[in-house]
Amino acid sequence: MTVVVLGSANMDLVVRQPRLPEPGETMFGSGFQTVAGGKGLNQAVAAARAGAPVAFAGAVGADANGAELRAVLEGEGIATAALAELDAPTGIAAISVLDDGENSIVVVSGANAEVAALDDAAREAIRGASHLVMQFELPQSALLEGARLARELGAVTVLTPAPALDPVDGLLELVDILVPNGGEARALSGADDDAEAARILSGRVGTVVVTRGGEGALVARGGEIVHEVAPVRVEPVDTTGAGDTFVGVLVAGLADGLELEPALARAAAGAAVSVTRAGATSSMPSRDEIDAALAG
Ligand code: RIB
């Protein structure tokens, strides 16, 4: 069982600061870190640390950030044959993390935005996938192609619709497991609350898992809420990448043969560990750490 992530790779430029500045204001931050990120790369790293064989399909530029992101993926044991090097700068994300752990993110897509279609290496990677994992930080034309190929070959397709964008026609219908957060679920469905959003979206995809940060997650199928994932209470340091950790650990569990509910419990435990540490990939737990968190 191989997890293939078709997604973005960014270098995250993370500033810790007490609050967001007003327009025209200069203020001091309290710390700075560069960390490998991007929703795709994050999900790939989370799945690999949770024990899954993982391949990554996406793009970086021919620059120092790109070389570092490739080295990070390879250092995690993730196959990079489908990581293209393109004539565009590697994607970056400017991230502000406030004292309560909440974050705001601005992404400049760079090479990620150039992946409008799959190349031979990406198609080859998807042919070997048991699970294809996608987000909205690559052009949706490539996601549609990837999802069609995965569906044709019988792989499970998983989509995080983040950042919140309208899906292209036909994409949601190719998704087996949709994992939005509450805001994304409400934006996609037009509903005012998370449960209603989950119910509505589950009329279009196989299973919907709405993640709700410290409030757990809701699972819907066929228009009904079928399961609630209990919240795992922790003191947050930095929530960046928590949703990506959830998805990576969830898919690693499914690829390992777990049923959905135990895989979701592992995902919630993994995401909870990640918010107690700084950064996206820098905060993601190993399989042993997830086991320890689950054991209490
Ligand atoms: O989900 C967190 C990620 O969003 C960050 O790593 C950043 O790169 C943006 O893609």
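The structure displayed is predicted, hence computed values, not measured ones.

## Examining the site of the ligand
Near the ligand there are 13 residues, and of these Asp12, Gly38, Lys39, Glu137 and Asp244 occur at the shortest range. One of the side-chain N or O atoms of asparagine 42 is found 3.0 Å from an oxygen atom in the ligand. At 2.7 Å from an oxygen atom of the ligand is found a side-chain nitrogen or oxygen belonging to glutamate 137. Its free accessible area being 280 Å², the ligand has 96% of it covered by the protein chains. Here the ligand occupies the largest pocket. Within the residue set of the shell around the ligand, elements represented by two or more residues are strand S2 (10-16), helix H1 (39-49) and strand S7 (103-108).

## Quick notes on the layout of surface pockets
The volume enclosed by the largest pocket comes to roughly 1100 Å³. In this structure, the largest pocket is lined by 46 residues; those nearest its centre are Asn181, Thr239, Gly241, Ala242 and Gly243. Contributions of two or more residues to the lining of the largest pocket are made by S2, H1, strand S6 (91-97), S7, helix H5 (182-189), helix H7 (242-255) and helix H8 (260-275). Here the element with the most residues in the lining of the largest pocket is H7; it accounts for five residues. Split by residue class, the lining of the largest pocket holds 22 nonpolar, 15 polar and nine charged.

## Considering the environment of phenylalanine 246
Structurally, phenylalanine 246 can be placed in helix H7. Its relative accessible area of 6% is what places phenylalanine 246 among the buried residues. As for phenylalanine 246 and glycine 279, which are separated by 33 residues in sequence, their C-alpha atoms are 15 Å apart. If we skip the residues at most four places from it in the chain, phenylalanine 246 touches Val179, Val209, Thr211, Ala217, Leu264, Ala267, Ala268 and Ala271.

## What about the nonpolar core?
Counting residues in each nonpolar core, the largest one holds 45 residues, and the members touching the most others are Val54, Phe56, Phe246 and Leu250. At the level of secondary structure, the elements contributing two or more residues to this core comprise strand S1 (3-6), H1, strand S4 (54-61), helix H2 (64-75), strand S12 (217-221), H7 and H8. The leading source of residues in this core is H7, at eight residues. In this structure, Ala59, Ala82, Leu178 and Ala191 belong to the second largest nonpolar core, which totals 44 residues.

## Some points on the sheet that holds strand S3 (residues 31-37)
Taking strand neighbours across the sheet as the criterion, the four strands line up as S3-S2-S6-S7 in an open arrangement whose pairing is mixed. Among the strands making up the open sheet, the edge pair consists of S3 and S7. Taken pair by pair, the neighbouring strands of this sheet meet at an average axis angle of 20°, ignoring direction. Here seven bridges tie S2 to S3, and the two strands are oriented antiparallel to one another. The partner of arginine 16 across the bridge, within S3, is glycine 31. Seen against the sheet, H2 touches S2, S3 and S6 and runs at an angle of roughly 95° to S2.

## A closer look at the sheet that holds strand S8 (residues 131-135)
Pairing in this open sheet of nine strands is mixed, and the strands run S5-S4-S1-S8-S9-S10-S11-S12-S13 from one edge to the other. On the outer flanks of this sheet lie strand S5 (79-86) and strand S13 (224-229), each paired with one strand and no other. With six bridges connecting them, S4 and S5 associate as parallel partners. The residue of S5 that forms the bridge with alanine 57 is alanine 82.

## Focus: the pattern of salt bridges
Within this structure, the stated rule accounts for 14 salt bridges. In this structure, arginine 49 and glutamate 76 form a salt bridge, with 2.7 Å as the shortest nitrogen-oxygen distance. Remark: glutamate 76 occurs in the loop between H2 and S5 and arginine 49 occurs in helix H1; sequence separation between them is 27 residues. The exposure class assigned to arginine 49 is partly exposed, which follows from its relative accessible area of 24%. According to the relative accessible area criterion, glutamate 76 is partly exposed, its value standing at 25%. Close ionic contact of arginine 151 with aspartate 176 constitutes a salt bridge, the shortest N to O distance being 3.1 Å. Linking arginine 151 in helix H4 (residues 140-153) with aspartate 176 in the loop between strand S9 (156-160) and strand S10 (177-178), this pair joins segments that are 25 residues apart in sequence. Exposure remark for arginine 151: the relative accessible area of 34% places this residue in the partly exposed category.

Thresholds applied
Residues numbered from 1 in each chain as written. Predicted model: local features only at pLDDT ≥ 70, side-chain atom pairs only at ≥ 80, totals over all residues. Heavy atoms only, no water. Near = heavy atom within 4 Å. Polar contact = N/O pair within 3.5 Å; in protein donor to acceptor, adjacent residues only side chain to side chain. Areas by Shrake-Rupley, 256 points an atom, 1.4 Å probe, with all protein chains shown as cover. 1 Å grid on protein atoms, 1.4 Å probe; cavity = no way out; pocket = protein on both sides within 12 Å on 5 of 7 lines; lining within 4 Å. Sits in = over half its atoms within 2 Å of the grid points. Helix = DSSP H or I, 4+ residues; strand = E, 2+ residues; numbered from the N terminus. Points joined across faces, edges and corners; volume = space filled by probe spheres on them. Nonpolar A, V, L, I, M, F, W, Y, C, P; charged D, E, K, R; others polar. Buried < 20%, exposed > 50% of the residue type's maximum accessible area, 1.4 Å probe, protein only. Contact = heavy atoms within 4.5 Å. Core = buried A, V, L, I, M, F, W, Y, C linked by side-chain atoms within 4.5 Å. Pairing = 2+ DSSP bridges. Axes fitted to C-alpha atoms, helices over the stretch in contact; angles between N-to-C directions. Salt bridge = Lys/Arg side-chain N within 4 Å of Asp/Glu carboxyl O.

Interpretation note: all reported values are geometric properties and have no functional meaning in isolation.
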